[in-house]
Amino acid sequence: MYHFEEILTRFEPMISAAIRKCKIYKNHEHYRQTARIALWQAWQKYDSRQGDFTPYAYRCIHGSILDELKREIRYETHYKPEEDSQLEIHLPMELDNEIASKLEGLLNILEEQDQQFLIDYYIRGFSYEELSVKYGTSIVALKRRRGRIIKRVRENNTVKI
């Protein structure tokens, strides 16, 4: 078989065609690199007894572009920036009004970033893995942060719920 550089040169038009077929209109270089990696992986895994390399390479390239699109869409929908700079706290309807006002009071002693973290973790149900991506920090650091926030709330809680 050929060296990968030769394969890459030969298949660059196919990569461009796959990007056009997937209707990629931004981040072209990102998707082009994703397709190149898929081509390299296909080249590594290819078994000539299974058939021609060209259709196999195209399926790998096209599939990797679609996978990357799905990841990007999932990330954008999951980690949309808050449109309002003012954070509103919405508690479940089943809570008694008195309890709800006490909880809001407890949350209001926290900084906005800490409020957002607790809301993301407890109300929106994000996992530590998802939060580590969103906040750009390690899972261990997030667990410590959660512990510090809970400790601060408990120390400032003069009203029992």
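Let me sum up the structure you'll find in this document. Predicted model only: the values in this text are computed from it and were never measured. By convention here, each chain's residues receive numbers from 1 onward along its written sequence. Local features are withheld for residues below a pLDDT of 70 in this predicted model, meaning they are given only at 70 or higher, and side-chain atom pairs are given and counted only at 80 or more; totals for whole chains, interfaces and linings count all residues. Excluding hydrogens and water, the side-chain values take into account all heavy atoms of the structure.

## So, the overall build of the protein chain
Here comes step 1: Secondary structure elements follow DSSP: runs of H or I of four or more residues count as helices, runs of E of two or more count as strands, with numbering from the N terminus. Looking only at helices and strands, the protein chain features seven helices and zero strands.
Here comes step 2: Counting every position in the protein chain, which comprises 161 residues, the buried fraction comes to 30%.
Here comes step 3: By the convention used here, residues are in contact when the closest approach between their heavy atoms is within 4.5 Å. Once local pairs closer than 6 in sequence are excluded, the contacts in the protein chain between residues at least 24 apart make up 61%.
Here comes step 4: Calculation of accessible area relied on Shrake-Rupley with a 1.4 Å probe; when residues are assessed, cover is drawn exclusively from the protein chains displayed. Just so you have it, the protein chain exposes about 11,400 Å², and 52% of that area is on carbon and sulfur atoms. Type-normalised accessible area, obtained with a 1.4 Å probe on protein chains alone, sets the label of each residue: buried when under 20%, exposed when over 50%, and partly exposed for intermediate values.

## Thoughts on the packing of helix α1 (residues 4-21) against helix α2 (residues 28-45)
Here comes step 1: In this analysis an axis means a line fitted to C-alpha atoms, helices contributing only their contacting stretch, and an angle means the value between N-to-C directions, from 0 to 180 degrees. Their axes nearest at 10 Å, the elements α1 and α2 cross at an angle of 130°. By the criterion of interaxial angle, the relationship of α1 to α2 is oblique. Judged by the sense of rotation from one axis to the other, the crossing of α1 with α2 is right-handed. For the pair α1 and α2, the contacting residues are F4, I7, L8, F11, E12, I15, S16 and I19 in the first and H28, Y31, R32, A35, R36, L39, W40 and W43 in the second. What sets the label is the angle itself: under 35 degrees gives roughly parallel, over 145 gives roughly antiparallel, 65 to 115 gives roughly perpendicular, and the rest give oblique. Should the near helix be turned anticlockwise from the far one by less than a right angle, the crossing is left-handed, and should it be turned clockwise, the crossing is right-handed.

## Some details on the nonpolar core
Here comes step 1: Definition of nonpolar core: a set of buried residues of the types Ala, Val, Leu, Ile, Met, Phe, Trp, Tyr and Cys, connected through side-chain atoms within 4.5 Å. Core analysis: the biggest nonpolar cluster contains 17 residues, and F11, L39, F53, I61 and I65 have the highest contact counts within it.
Here comes step 2: Contributing elements (two or more residues each) for this core: α1, α2 and α3 (53-78).
Here comes step 3: Among the elements that take part in this core, α1 stands out by supplying seven residues, more than any other.
Here comes step 4: L110, F117, L131 and V153 belong to the second largest nonpolar core, which has 10 residues in total.

## What about α1?
Here comes step 1: Here the expected span of a helix is defined as 1.5 Å times the quantity of residues minus one. With 18 residues, α1 extends 24 Å from end C-alpha to end C-alpha; this agrees with the ideal 26 Å at 1.5 Å per step.
Here comes step 2: Taking the largest bend as the criterion, α1 deviates by roughly 45°, centred on F11, and proline P13 comes between one and four positions later.
Here comes step 3: Taken as a whole, α1 has its buried residues at F4, I7, F11, E12, M14, I15, S16, A18 and I19.
Here comes step 4: For α1, the secondary structure elements touched by its buried residues are α2 and α3. Bend, at a single residue, is the angle you get between axes fitted to the 7 residues ending at that residue and the 7 residues starting at it.

## Thoughts on the packing of helix α6 (residues 128-135) against helix α7 (residues 139-156)
Here comes step 1: It is at 9 Å that the axes of α6 and α7 come closest, and there the two elements cross at 95°. With respect to their mutual orientation, α6 and α7 come out roughly perpendicular. Taking contact as the criterion, the partners of Y128, E129, L131, S132 and Y135 in α6 are, on α7, I139, L142, K143, R145 and R146.
Here comes step 2: Of the residues that constitute the contact of α6 with α7, the class distribution is five nonpolar, one polar and four charged. All residues other than Ala, Val, Leu, Ile, Met, Phe, Trp, Tyr, Cys, Pro, Asp, Glu, Lys and Arg, Gly among them, are scored as polar; the first ten of these are nonpolar and the last four charged.

## Overview of the environment of Q41
Here comes step 1: Mapping Q41 onto the fold places it in helix α2.
Here comes step 2: Sequence separation between Q41 and A57 is 16 residues, and the spatial gap between their C-alpha atoms is 9.1 Å.

## What about α7?
Here comes step 1: Between its first and last C-alpha, α7 extends 26 Å over 18 residues, near the 26 Å set by a 1.5 Å rise per residue.
Here comes step 2: Within the sequence span of α7, burial applies to L142, R145, I149 and V153. On an axial view of α7, the arc spanned by its buried residues comes to 70°, and they lie on one face. Across from the buried face of α7, at angles greater than 90 degrees, the exposed residues are R144, R148, K151, R154 and E155. Relevant arc is that of directions from the helix axis to the C-beta atoms, nothing else.

Just distances and angles here, no functional claims.
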